[in-house]
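Understanding the architecture of this molecule
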Amino acid sequence: MNFDEKALRTQVADRICVTVSFPIDNMILQKIISLAKNNESIYFVFFIEDEKQYGFVESLNLGHSTIIPVFNQTNLHFFEESIFTSERDLMEQRLSMREIFRNQKLNLNYFGVLTVYADGTVKTTFNSEMLGNIYSDKLIEIIYHY
């Protein structure tokens, strides 16, 4: 784990992401966690490979964190038991006809999100077509046509 305490104390960005993979140096991690408790802009991303690592991350009780499982060709059992969704789980989720029709037209992951790029281009996602440009169009008009 690369760690630079000075970088965490310097306000270089709105959000600072600390990525943690195992094995870890517990002393360094505890130091970073103590700095993060006083700084809302620091969040953690943990790359885990088994249930033991998951338990460790959960025991830290961090509010601003994400856990990402990593497949390493030796932990298939962990994925089968804890990560993969079974067909039964998928079939138990009942969708109404209204939700099915809504999902045909809307991507709920990006619904209500507009991204404004440095050149003024407004898009819903990186790969989507341009909706307008804030330098030539009013934002309210872009939103209305979106």
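This text follows the structure it describes.
These numbers were taken from a predicted model, which means no experiment stands behind them.

**Quick notes on the overall build of the protein chain**
The helix and strand tally for the protein chain stands at seven helices and six strands. Tracing the protein chain from N to C terminus, the helices and strands come up as α-β-α-β-α-β-α-α-α-β-β-β-α. Classification of the 146 residues of the protein chain by burial places 23% in the buried group. For the protein chain, the share of sequence-separated contacts (at least 6 apart) that also reach a separation of at least 24 residues comes to 40%. Accessible surface, the protein chain: about 11,500 Å² in total, of which carbon and sulfur atoms supply 52%.

**As for the sheet that holds strand β5 (residues 121-123)**
An order of β4-β5-β6 is seen for the three strands of this open sheet, with the pairing classed as antiparallel. On the outer flanks of this sheet lie β4 (115-116) and β6 (132-133), each paired with one strand and no other.

**Remarks on the side chain of Q53**
Note on placement: Q53 falls in helix α3 (residues 51-60). Residue classification places Q53 among the buried residues on the basis of a relative accessible area of 12%. With near-sequence residues (within four places) excluded, Q53 lies in contact with F22, F47 and I48.

**A word on the sheet that holds strand β3 (residues 65-69)**
The strand order β1-β2-β3 describes an open sheet built from three strands, whose pairing is parallel. The open sheet has two edge strands with one neighbour each: β1 (16-21) and β3. Neighbouring strand axes in the sheet, compared pairwise and without regard to direction, differ in orientation by 20° on average.

**Topic: the pairing of β3**
Where strand β2 (residues 42-48) lies against β3, five bridges are found, and the strand directions are parallel. Along β3, the bridge assignment pairs I48 with P69.

**Overview of α3**
Three or more residues of α3 are buried, namely Q53, V57 and L60. Angular distribution of buried residues about the axis of α3 spans 50°; they occupy a single face of the element. Pointing more than 90 degrees away from the buried face of α3 are the exposed residues K52 and S59. Taken together, the buried residues of α3 touch α2 (26-36), β2 and β3. Where α3 starts, the residue carrying a side-chain oxygen 3.2 Å from the main-chain nitrogen of K52 turns out to be D50. N61 sits one or two positions beyond α3 and adopts a positive phi of about 55°.

**Considerations on the packing of aromatic side chains**
Counting across every chain of the model gives four aromatic pairs. On the basis of an interplanar angle of 90° and a centroid distance of 5.6 Å, the ring pair of F71 and F79 is categorised as edge-to-face. Here F71 falls in the partly exposed class, since its relative accessible area comes to 45%. Its relative accessible area of 8% is what places F79 among the buried residues. Through pairs of rings, three or more aromatic residues link up here, namely F71, F78 and F79. Positioned over the ring face of Y117 is K123, at 5.9 Å from the centre of the ring.

Rules behind the numbers
Throughout, a residue's number is its position along its own chain's written sequence, starting from 1. Given that the model is predicted, a residue must reach a pLDDT of at least 70 before its local features are reported, and side-chain atom pairs must reach 80 or more before they are shown or counted; all residues, however, enter totals for whole chains, interfaces and linings. To get the side-chain values, take all heavy atoms of the structure and skip hydrogens and water. Think of it this way: any DSSP run of H or I at least four residues long counts as a helix, any run of E at least two long counts as a strand, and we number them from the N terminus. The cut-offs for exposure are 20% and 50% of the maximum accessible area for each residue type, with area from a 1.4 Å probe on protein chains only; residues under the lower value are buried, those over the upper are exposed, and the others partly exposed. Pairs of residues are marked as contacts when any of their non-hydrogen atoms sit within 4.5 Å. All accessible areas in this document rest on Shrake-Rupley with a 1.4 Å probe, and a residue is counted as covered only by the protein chains that are shown. Only when DSSP finds a minimum of two bridges between them are two strands counted as paired. Inter-axis angles, ranging from 0 to 180 degrees, are taken between N-to-C directions of lines fitted to C-alpha atoms, where helices are fitted over the stretch in contact. Here, the arc refers to the directions that run from the helix axis to the C-beta atoms. Between N or O atoms, a polar contact is any pair within 3.5 Å; within protein, one atom must be a potential hydrogen donor and the other a potential acceptor, and residues adjacent in sequence are included only when both atoms are from side chains. Only Phe, Tyr and Trp rings are paired, with Trp represented by its six-membered ring, and only when their centres lie within 6.5 Å; those with planes under 30 degrees apart are stacked, over 60 edge-to-face, the remainder tilted. Our definition puts a charge over a ring when NZ of Lys or CZ of Arg is within 6 Å of the ring centre and also within 35 degrees of the ring normal.

These figures come from the coordinates and say nothing about function on their own.
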